[in-house]
Every structure is written in structure tokens, then in C-alpha cells.
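Chain residues, written in single-letter form:
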Amino acid sequence: MPTITNAIIERSSKRAFLQKPVTREIQEEILKAAAMTPSGANMQPWITYAISDKEVLKNIGDAIIQKMNSGAEHDQFIQYYPLEWKPIYKKRRFETGIGLYAHMGVDRKDVETRTKMWHDNFRWFNAQCVFFVFTDKAMIDGAVGALIDCGAYMQSIMLCARDFGLESCPQGSTTEFGRVVAKVLDAPDNLALLYSVVIGYEDKEAKINSYRPQRADISETVIFI
Ligand SMILES: Cc1cc2nc3c(=O)[nH]c(=O)nc-3n(C[C@H](O)[C@H](O)[C@H](O)COP(=O)(O)O)c2cc1C
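Rules and cut-offs
Within any chain, residue numbers begin from 1 and follow the written order of that chain's sequence. Only residues with pLDDT of at least 70 are given local features in this predicted model, and only at 80 or more are side-chain atom pairs given and counted; all residues enter the totals for whole chains, interfaces and linings. Put simply, DSSP marks the helices as runs of H or I at least four residues long and the strands as runs of E at least two long, and each gets a number from the N terminus on. The quantity called the radius of gyration is restricted to C-alpha atoms. Its globule counterpart is 2.2 Å times the number of residues to the power 0.38. Three exposure classes are used, all based on how many other C-beta atoms lie within 10 Å of a residue's own C-beta (placed from the backbone): buried at 20 or more, exposed at 12 or fewer, and partly exposed between those limits. With C-beta atoms placed from the backbone, a contact is any residue pair whose C-beta atoms sit within 7 Å. For every element, the axis is a line fit to its C-alpha atoms; helices are fit only across the contacting stretch, and the angle between N-to-C directions ranges from 0 to 180 degrees. An angle below 35 degrees is read as roughly parallel, one above 145 as roughly antiparallel, one from 65 to 115 as roughly perpendicular, and any other as oblique. With the far helix as reference, a near helix turned anticlockwise by less than a right angle produces a left-handed crossing, and one turned clockwise produces a right-handed crossing. Nonpolar residues are Ala, Val, Leu, Ile, Met, Phe, Trp, Tyr, Cys and Pro. Charged residues are Asp, Glu, Lys and Arg, and all others, Gly as well, are polar.

S.K.: Which parts of the structure should I look at to understand the overall build of the protein?
M.R.: What the protein contains, in helices and strands, is eight helices and four strands. Its helices and strands taken in sequence order, the protein reads α-α-β-α-α-α-β-α-β-α-β-α from the N to the C terminus. For the protein, whose C-alpha radius of gyration is 18 Å, the value lies close to the compact-globule estimate of 17 Å for 225 residues. Overall, the C-alpha framework of the protein stretches about 50 × 45 × 40 Å when taken along its three principal axes.

Structure follows, in C-alpha cells:
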């Protein structure tokens, strides 16, 4: 099968990484390639903070966890998930979440372990590099095209990373606390955080990394005419 098809099929989200830094050179190679992602009218609406400074990553994580502990459900620029879940999407979300906990032998009612697993997002799954992707607020004021472009940019990052022996985890968990991230980074007022992508060297011994949620058959998602 062609290499690119394989790269797409074989990528999966990893949630345990080695404490091995990603060099600045590799980060630049990945981001240069991702910058070739197509965008409407070549707008290139992505603005990326590539962070490998341990202290900054810790500060972002601490600030998000503190916000969550204060009872806030989110502090965001954009609403990623639907406000009303239609049954089909609810079922897929449920199966994927339950599947992960079952894979890890975590009881559904074990709120403490589940919370810790969620907080791992904000410890970057032990990875040493996170790309935080923002866009200009003007791009998403009454328009959504930039979100399409930045979604494609996300996949470019994740696929390109694999060429350097790196794995990734896309994060909407940071989308939900985008304003907290922006505050810690002292990002300009015109920027809105869309998502982050954790980049690093996979811990191949970690059981969590062998979780592979299935996809719906294309008969459910494709209409051939
Ligand atoms: C936009 C987006 C946001 C996501 N947010 C998170 C997240 O915050 N934490 C996490 O562990 N996984 C997150 N994921 C990973 C999804 O759960 C994962 O892509 C999906 O279950 C399919 O699994 P796979 O990526 O291993 O193929 C996110 C994926 C996307 C595309």
C-alpha cells in the first residue's frame, strides 16, 4: 500500500511519552512541512506556539488544573464539542471513552483514576514538546473556514512527526481552557487558542499506547453516487 495511506492508517493518539526532548531542528522541520498545508485563499490562519520549555509547560498545566479545581468546566474561546449530542455521536464518544478505560482496566466508577487520566493531558503525557495552535479572532468572527484549515494543519503536524520517529496526541482538552493558556503565555489579545498537539517519543512499554479505537464502516459515513 502507498506510504502516505499507511501513515494515515497507522497514526494513533499516544498518551505516554519518554522524557526525551524534541530538538528545535526537528520542531522546525515539522512546522515547515505543516506550513505547506493548503488553506482557503492561502490564508494560513494558524499561529503556533511551539513550546519545549519545561517551566512554561508546567505553568500552563498548573493553571489549567487550578482552574478545573476551582469548579470551572471551561474557559475557552471556541466551543469544540456539540452542545446537544445526537445519539450516533454520543454512542461513538461513549464507546471510545469506555474502550480506553476498559483497555486500562479502570472501572467506570473509579472517578479518581479517571480524573488523574484526564489531568495527564495537562502534564502533556510526560512529553517534552507541545504545539499550541491559535488563530486570529478576526478569522473566526462569523466565519469557520479557518477552523477547516487549522484542522488540516493538525493532521499535517501529526503525520510529519512520524517521519522523525515521533508520535502525537491532539488535544481539545486545552481548547476548553484556551483562555487560561493564552493568559499564561501572555498571548496578544487578537489570538484565540484552537487546540494543542503533544509531540514526543512514545513510551512503547506503556499499555495505554496500544489502544486503537475503531472507526465506523464507511457505509455509515460515505455516500457513493
Ligand atoms: C480535535 C481533537 C481533540 C482531541 N482531544 C483529545 C484530548 O484532549 N485528550 C486526549 O487524550 N485525546 C484527544 N483526542 C484524541 C481522540 O480521542 C482520538 O483521535 C480518537 O479517539 C481516535 O483515536 P486515534 O487518534 O488513536 O486514532 C482529540 C482528537 C482530536 C482530533
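Continuing now.
S.K.: Help me understand unusual backbone geometry in this model?
M.R.: Trans is the prevailing form of peptide bonds, just as negative phi is the prevailing case for residues other than glycine. A positive phi angle is found at Q44, which is not glycine, with a value near 50°. Classification of Q44 as partly exposed rests on a count of 16 C-beta atoms within 10 Å. For D186, which is not glycine, the phi dihedral falls at a positive 55°. For D186, a count of 6 C-beta atoms within 10 Å corresponds to the exposed category.

S.K.: Before we go on, may I ask you to explain helix α7 (residues 178–185) in this structure?
M.R.: In an α-helix, one full turn covers 3.6 residues, which means residues spaced three or four apart are oriented alike. All buried positions along α7 are accounted for by G178, V180, V181 and A182. The inward-facing, buried residues of α7 abut α3 (54–69), β2 (129–136) and β4 (191–200). Backbone geometry just downstream of α7 places D186 in the positive-phi region, at approximately 55°.

S.K.: Explain the packing of helix α2 (residues 24–34) against helix α6 (residues 145–163) here, please?
M.R.: Geometry of a packed helix pair, given as the angle between the helix axes and the separation of the axes. Between α2 and α6, whose axes approach to 9 Å, the crossing angle comes to 140°. With respect to α6, the element α2 is oriented oblique. The handedness of the crossing between α2 and α6 comes out as right-handed. From α2, I30, A33 and A34 reach across to α6, where they touch Y153, S156, I157, C160 and A161.

S.K.: Whenever I open this one, the packing of α3 against α7 confuses me. Can you help?
M.R.: Between α3 and α7, the least distance of the axes is 9 Å, while the angle of their chain directions is 140°. In terms of orientation, α3 lies oblique with respect to α7. The two elements α3 and α7 cross, and the hand of that crossing is right-handed. Facing N59, I60, A63, I64 and K67 of α3, the residues of α7 in contact are V180, V181 and V184. In terms of residue class, the contact of α3 with α7 is built from six nonpolar, one polar and one charged.

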